[in-house]
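Spelled out, the chains give:
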Amino acid sequence: MTRNADMEQVAGDFYAENFAKDASEGSLILNLGPQHPSTHGVLRVLVELDGEYVLRAEPVIGYLHRMHEKMAEVKTAAQYIPNMGRVDYGHAIAWNWAFVGAVERLAGIEVPPRAEYVRVITCELNRIASHLLWWGAYLLDLGAFTPIMYAFDDREKILDILQSPTGARLTFSYFRIGGVARDLDEDCVKAIREFIPWMRSRLPMYKEFVSDNIILRRRIEGVGVFEPDLCRRYGATGPVSRGSGLAYDVRRDEPYSVYPKLDFVVPTSDLMDARGRYDVRMEEMAQSLNIIESCLDQMPEGDTLVKGAPKPSWKVPKGETYFAVEGGRGKIGVHLVSDGGKNMYRVKLRSPSYSNLSLFAEASRGTLLADAVAILGSLDLIIPEIDR
Amino acid sequence: MPTELIRILISLVAFAAAVGLIALVMVWVERKVCGHIQRRPGPYEVGPWGLLQPLADALKLMGKQLVMPDQADPFLYWLAPILVFVPVLLLYLPLPVGDGLYALDINLGVLLIIAFAGFTGLSMILGGWAQNNKYALLGAARTVSQSVAYEIPMLLSVLAVCFVSGSLNMAAVVKEQGTWPWNWNVMTQPLAFVIYIVSALGETNRAPFDLPEAESELTAGYHTEYSGMGFGMFFLAEYANMIVVASVATVLFLGGWQGPVLPGPLWFLLKVSLLVLLFVFFRWTYPRVRFDQLLNINWKWLMPLAVANLALTAFFVKVAQYAFVK
């Protein structure tokens, strides 16, 4: 008893104090994070435990806040592109696209056809890399150490491919207002063509060895059931809402670029649990491969950057617009306001991880601690994207 | 009596040295095997094929500062790592490594091992409690329910073998089995063997049952705050325990040191190594089970099966007695 009393004397900070006010008798308040292996960065989750059961959980965010939105107000549009690669290191190219797309929509810039295809190819490659990163890290959360090594083996191939046109491996700043920085050369196209069958041969192996494993199935089936209503209330998008049967995909429902010309399925799952979200992401990788393949077949010759593309000092015309793309984690939205001055007036970044995280407090109530970790992992959070 | 005491003391020193050495080899094997499972070479910089890597790691651990958190209980905090390791050495006493090659010829050898194995769980609880850390406390709480639960089916499966052999003396159990695999107890008691291996994984906290130290949930579980050799002792004890459970499985189920052509101790080592390798494979290929599932496996599957197996064994042993011995 005395030892527990000692523990309570360490009151903690503002959040912990407020969280403790509603604590029930005899419960244990635990800080998961900001430094914790399964929060993938600096997310902090306050949990109130009764034994192994989570009574309440509350995410505390802001440990990786980097003022991306404020920085937009002191930069010109072209200078702001590198920031986008750093918002979400998992699917950096989608953020590139969201911002560049917003500027193009406001300024009415037409992107050359080849550039559109190059954008889709790189974005989808990056999406596969993002899902592979999630897959490996999620299984690490569930105590399986090996899959991440295989996932990174495949991811490495994608990064090698993306390295040649973009010059980066993680925080891509590849898109330009009016196109992309560099065309895909012949070697790069060849490497992508070789990668597609390779990845297609890997996915069944992952299914056989990992997805169908009985321990894994018991860990994720029926865990973290999100009713469609829960997803709608919190604005969850991407694989999280598609795992609950909501077939919402920005690529199909608010089409942009050449996606309407491409044939792909939006995978959904009616399971609504962590298994559903898992299956959706695994299927999305296969769909992305299809998209890339048909893009390579359809891709025309031509420029990849519009003539007279904006220079760094170029001013965004006065106005206000919104542009959304489908990122690895869900709907990435950029709300851009410009007063016609040198810098943009306001940029609001709508990040999917933020909305997806917000349902965690409700979804984790009453689960086991290990399940809470499994639910947190199944949301596929990228912490810098939450805090921006 | 004094000669026996001297014999025990000498063996304990030998065991301490052997366990240290075997643990180093085990660390190397574990890292190499895990490396190759994960399509990477594993350690290869220090010494040929990285053989000296565990030695370098051990030296690094010894050189590290021993840190104790504020408000921890100093006595219990330092007692736990010692208490986790010392009883492990006693577990080796009744193990017959070869024909007549054992430290202590005791009629209750199996019982001695089962009894002293409980110390590991105890010291984990002490360590987890003394650290004044919530993660460690949760890890300790998990250790309690896990080791208590898994000791029972383990004991029951071991008892089944002892019924068949009619002895708790390990040397006698080995002698009772023959040279060839079909003479071994694993043939007459396959269910007990499977139950034993699963409970052994639970008892030694090896993946997929490594819940007391589940690092994705509890950072490092019961040894969260330990640094340097404090952690090193827990680490060493884990490997030493693995070898004990593998040795007991070898003695009880796989004919101990018996085998064709090769000398006894070599057979013993070979069988133990194979079992330990199996444990290593389990760890690097399976996800971790959840805590309630872990207990369900035990109470709903292992326990009834072990009890049924024991009852059947007892029945057949008795019938056999009537039929043949009279």
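Residues numbered from 1 in each chain as written. Chains lettered and ligands numbered in written order. Predicted model: local features only at pLDDT ≥ 70, side-chain atom pairs only at ≥ 80, totals over all residues. Heavy atoms only, no water.

The next thing to look at is the overall build of chain A. Each helix and strand in chain A was counted, giving 17 helices and eight strands. Since a compact globule built from 388 residues should have a radius of gyration of about 21 Å, the 22 Å found for chain A is in line with a globular shape. Taken over the C-alpha atoms alone, chain A extends approximately 75 × 50 × 35 Å along its principal axes. For chain A, the residues scored as buried account for 59% of the 388 residues in total. Sequence-distant contacts in chain A: of pairs separated by 6 or more residues, those separated by 24 or more amount to 71%. (Helix = DSSP H or I, 4+ residues; strand = E, 2+ residues; numbered from the N terminus. Rg over C-alpha atoms; globule rule 2.2 N^0.38 Å. Buried < 20%, exposed > 50% of the residue type's maximum accessible area, 1.4 Å probe, protein only. Contact = heavy atoms within 4.5 Å.)

It is worth spelling out the overall build of chain B at this point. Helices and strands together make up the secondary structure of chain B, namely twelve helices and zero strands. For chain B, the sequential pattern of α-helices and β-strands runs α-α-α-α-α-α-α-α-α-α-α-α. Rg of the C-alpha trace for chain B: 20 Å, near the compact-globule value of 20 Å for 326 residues, within the 12% margin. Dimensions of chain B, computed from the C-alpha atoms along their principal axes, are close to 70 × 50 × 45 Å. When the 326 residues of chain B are sorted by exposure, 54% land in the buried category. Carbon and sulfur atoms provide 75% of the accessible area of chain B, an area that totals close to 14,400 Å². (Areas by Shrake-Rupley, 256 points an atom, 1.4 Å probe, with all protein chains shown as cover.)

Below, the discussion takes up the nonpolar core. Soluble, globular proteins show a tendency: their nonpolar side chains are buried together. Residues Phe99(A), Ile192(A) and Tyr278(A) are the most contacted members of the largest nonpolar core, which totals 115 residues. Tallying contributions element by element places helix α6 (residues 113-141) of chain A first for this core, with 13 residues. Apart from the residues lying within four places of it in its own chain, the contact partners of Tyr278(A) are Trp134(A), Trp135(A), Tyr138(A), Leu139(A), Val210(A), Ser211(A), Leu216(A) and Ile220(A). Counting residues in each nonpolar core, the second largest holds 82 residues, with Leu12(B), Phe15(B), Ile197(B) and Leu201(B) among its members. (Core = buried A, V, L, I, M, F, W, Y, C linked by side-chain atoms within 4.5 Å.)

This part is about the side chain of Asp154(A). Residues and elements named next belong to chain A. Within the secondary structure, Asp154 sits in helix α7 (residues 147-166). Engagement of the side chain of Asp154 in a polar contact is seen with the side chain of Tyr206, the distance being 2.3 Å. Among residues more than four places away in sequence, those in contact with Asp154 are Leu132, Phe195, Trp198, Met199, Arg202 and Tyr206. (Polar contact = N/O pair within 3.5 Å; in protein donor to acceptor, adjacent residues only side chain to side chain.)

On to helix α4 (residues 77-87) of chain A. It helps to recall that an α-helix has 3.6 residues per turn; residues three or four apart then point in one direction. Those residues of α4(A) that fall on the buried side of the exposure criterion are Ala77(A), Tyr80(A), Ile81(A), Asn83(A), Met84(A), Gly85(A) and Val87(A). At its buried positions, α4(A) is contacted by α3 (68-72), α5 (92-107), β4 (175-176), β8 (346-350) and α17 (383-387) of chain A.

This part is about the sheet that holds strand β2 (residues 44-50) of chain A. Residue and element names in this part refer to chain A. On the basis of which strands lie adjacent, the open sheet formed by three strands has the order β1-β2-β3 and antiparallel pairing. Because the sheet does not close on itself, it has two edges, and the strands there are β1 (28-32) and β3 (53-60). Neighbour-to-neighbour, the strand axes of the sheet open up by a mean angle of 20°, direction not taken into account. Alignment of β1 against β2, held across five bridges, turns out to be antiparallel. Bridge pairing in β2 links Leu30 to Val47. Docked against the sheet, helix α2 (residues 14-21) engages β1, β2 and β3, running at close to 30° with respect to β2. (Pairing = 2+ DSSP bridges. Axes fitted to C-alpha atoms, helices over the stretch in contact; angles between N-to-C directions.)

Moving on to the sheet that holds β8(A). All names here are of chain A. Strands sit in the order β6-β7-β8 across an open sheet of three strands; the sheet is antiparallel. Single-partner strands in this sheet number two, and they are β6 (319-326) and β8. With direction set aside, neighbouring strand axes in the sheet form an average angle of 10°. Sheet topology places β6 next to strand β7 (residues 331-338); eight bridges connect them, and they run antiparallel. The residue of β7 that forms the bridge with Glu326 is Lys331.

Let's shift gears to the interface of chain B and chain A. Taken together, the contacts link 32 residues of chain B with 38 residues of chain A. Summing the contributions of chain B and of chain A, the shared interface buries around 3,200 Å²; its carbon and sulfur component is 58%. Contact with chain A buries area across many residues of chain B, yet Lys134(B), Pro287(B) and Arg290(B) alone supply 20% of it, more than any other trio. Taken together, the links from chain B to chain A amount to three salt bridges. Across the salt bridge formed by Arg142(B) and Glu52(A), the nearest N and O atoms sit 2.6 Å from each other. Remark: the boundary between chain B and chain A carries eleven residue pairs in polar contact (both at pLDDT 80 or more). Contributions of two or more residues to the side of chain B that touches chain A are made by α4 (109-130), α5 (134-165), α9 (215-218), α11 (264-285) and α12 (291-325) of chain B. (Buried area = accessible area lost by both parts, 1.4 Å probe. Salt bridge = Lys/Arg side-chain N within 4 Å of Asp/Glu carboxyl O.)

As a further point, take the packing of α6(A) against α7(A). Residue and element names in this part refer to chain A. Orientation of α6 relative to α7, taken along the N-to-C sense of each, is 160°, at an axis distance of 9 Å. In terms of orientation, α6 and α7 fall into the roughly antiparallel class. Judged by the twist between their axes, the crossing of α6 over α7 is left-handed. Residue-level contacts link Thr122, Leu125, Asn126, Ile128, Ala129, Leu132, Leu133, Trp135, Gly136, Ala137, Leu139 and Leu140 of α6 to Pro147, Ile148, Ala151, Phe152, Asp154, Arg155, Ile158, Ile161 and Leu162 of α7. Of the residues assigned to the contact of α6 with α7, the class counts are 16 nonpolar, three polar and two charged. (Parallel < 35°, antiparallel > 145°, perpendicular 65-115°, else oblique. Left-handed = near helix turned anticlockwise from the far one by under 90°. Nonpolar A, V, L, I, M, F, W, Y, C, P; charged D, E, K, R; others polar.)

To continue, consider the environment of Phe209(B). All names here are of chain B. Its place among the elements puts Phe209 in the loop between α8 (190-203) and α9. Between the C-alpha atom of Phe209 and that of Tyr286, which follows or precedes it by 77 residues, the distance is 9.8 Å. Among residues more than four places away in sequence, those in contact with Phe209 are Gln146, Tyr150, Val198, Leu201, Gly202, Val289, Leu294 and Ile297.

Our focus in this paragraph is the packing of aromatic side chains. Per the stated rule, a full pass over the model turns up 24 aromatic pairs over all chains. Aromatic side chains Tyr196(B) and Phe253(B) sit 5.7 Å apart centroid to centroid with 45° between the ring planes, which places their arrangement in the tilted category. Taken together, the positions of Tyr196(B) in helix α8 and Phe253(B) in helix α10 (residues 228-253) put the pair 57 residues apart, joining distant regions of the chain. Connected via pairs of aromatic rings, a cluster forms that spans Trp97(A), Tyr174(A), Phe175(A), Tyr256(A), Tyr259(A), Phe264(A) and Phe323(A). (Phe/Tyr/Trp six-rings, centres within 6.5 Å; stacked < 30°, edge-to-face > 60°.)

With that settled, consider the pairing of β2(A). All names here are of chain A. Burial analysis of β2 places six of its seven residues in the buried class, the great majority of the element. Taken together, the seven bridges between β2 and β3 define a ladder with antiparallel strand orientation. Its bridge partner being in β3, Val45 is matched across the sheet by Pro59. Counting the residues in the hairpin turn of β2 and β3 gives two residues, including Gly51, whose phi is positive at 65°.

With that settled, consider the confidence of the model for chain B. Looking at chain B, the pLDDT average stands at 84 and 99% of residues meet or exceed 70. Mean pLDDT in chain B bottoms out at α9(B), which sits at 72, and peaks at α8(B), which reaches 89. (pLDDT = per-residue confidence, 0-100.)

Before going further, it helps to spend a moment on the state of the cysteines. Following the criterion strictly, the structure yields zero disulfides over all chains and no others. Take Cys188(A): it sits in no disulfide, and the sulfur closest to it among the cysteines is that of Cys295(A), at 13 Å. (Disulfide = S-S within 2.5 Å.)

A word on the side chain of Ser130(A). Residue and element names in this part refer to chain A. For Ser130, the position within the fold is in helix α6. By relative accessible area, Ser130 is classed as buried at 1%. Among all residues touching Ser130, those that are not within four sequence positions of it are Gly90, His91, Gly328 and Arg329.

All names here are of chain A. Within this structure, the stated rule accounts for 42 salt bridges over all chains. Across the pair Arg114 and Glu301 runs a salt bridge, and its minimum N-O distance is 3.8 Å. Residue Arg114 is found in helix α6, and its partner Glu301 is found in the loop between α13 (274-298) and β6; the two are separated by 187 residues along the sequence. A salt bridge links Asp153 to Arg202; its shortest N-O distance comes to 3.6 Å. With Asp153 in helix α7 and Arg202 in helix α8 (residues 186-211), this residue pair connects regions lying 49 residues apart in the sequence. Relative accessible area serves as the criterion here: at 5%, Arg202 is assigned to the buried category.

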